[in-house]
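So the chains spell out like this:
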Amino acid sequence: MKKRVTLIFPKRSVHMPVTYRLAKDFNVAANIIRAQVTPNQVGTLVVELSGDIDQLDAALDWMRSQDIGISQASREIVIDEDLCVHCGLCTGVCPTEALTLDPKTFRLNFTRSRCVVCEQCIPTCPVQAISTNL
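What counts, and at which threshold
- Residues numbered from 1 in each chain as written.
- Predicted model: local features only at pLDDT ≥ 70, side-chain atom pairs only at ≥ 80, totals over all residues.
- Heavy atoms only, no water.
- Pairing = 2+ DSSP bridges.
- Helix = DSSP H or I, 4+ residues; strand = E, 2+ residues; numbered from the N terminus.
- Axes fitted to C-alpha atoms, helices over the stretch in contact; angles between N-to-C directions.
- Core = buried A, V, L, I, M, F, W, Y, C linked by side-chain atoms within 4.5 Å.
- Buried < 20%, exposed > 50% of the residue type's maximum accessible area, 1.4 Å probe, protein only.
- Contact = heavy atoms within 4.5 Å.
- Arc of directions from axis to C-beta.

A. The sheet that holds strand β3 (residues 43-50), seen in detail. Within the open sheet, the four strands sit side by side as β2-β3-β1-β4. Their pairing is antiparallel. Each edge of the open sheet is held by one strand with a lone partner, namely β2 (29-36) and β4 (69-71). When the angles between neighbouring strand axes are averaged without regard to direction, this sheet yields 25 degrees. Judged from the eight bridges that link them, strand β1 (residues 2-9) and β3 form a sheet pairing that is antiparallel. Its bridge partner being in β3, I8 is matched across the sheet by T44.

B. Summary view of the pairing of β3. As judged from the seven bridges shared by β2 and β3, these two strands associate in the antiparallel manner. Directly across from I32, in β3, lies its bridge partner V47. Between the antiparallel neighbours β2 and β3 lie six residues, among them N40 with a positive phi of about 65 degrees.

C. Here's a closer look at unusual backbone geometry. Even without glycine at this site, E97 takes up a positive phi of about 60 degrees. Relative to the helices and strands, E97 resides in the loop between β5 (77-79) and β6 (99-101). Positive phi, normally seen in glycine, also occurs at F106, with a value near 55 degrees.

D. Quick peek at the nonpolar core. Grouped together as the largest cluster of nonpolar side chains are 18 residues, with contacts concentrated most on L7, V18, L22, L49 and M63. Taken together, the elements giving at least two residues each to this core come down to β1, α1 (18-26), β3 and α2 (53-65). A total of five residues in this core trace back to one element, the largest contributor, which is α2. For L22, the residues in contact, after removing those within four places along its chain, are N27, V28, A30, L49, A59 and M63.

E. Summary view of α1. What α1 keeps buried is the set V18, L22 and F26. All buried residues of α1 fall inside an arc of 50 degrees around its axis, so they share one side. Just beyond α1, the residue with positive phi is N27, at close to 55 degrees.

F. A look at the side chain of T6. On the secondary structure map, T6 appears in strand β1. The exposure class of T6 is buried, given its relative accessible area of 15%. Beyond its immediate sequence surroundings of up to four residues, T6 is in contact with T44, L45, V46, G69, I70, S71 and R75.

Rendered as structure tokens:
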């Protein structure tokens, strides 16, 4: 089973090797999608966790016991078709090629199933046509 979660680390816990502990103690793999971690500041980590459902639940319980905030809200990228000018700038920063330009029409294509919601496309869009649904 897979779960995408956002982990919010208090200042005192940013040094903790969480992904190592998840793998070693719970047999849960953590695919890091986005990380914003700085010493002595609140840290944020967006990860996709995969493993057995019971192991995932135990891992989430352990993280909560360490005062790590967990948000399981499923965010999605939203493209406002009325604002989009199909410039293609977002396609250059998309690591999964969820955003592509059609070679014939030069219109933007969004393949939601490929998107990992890394949000790199949001600040790249010059007309602010890309956002998340939260």
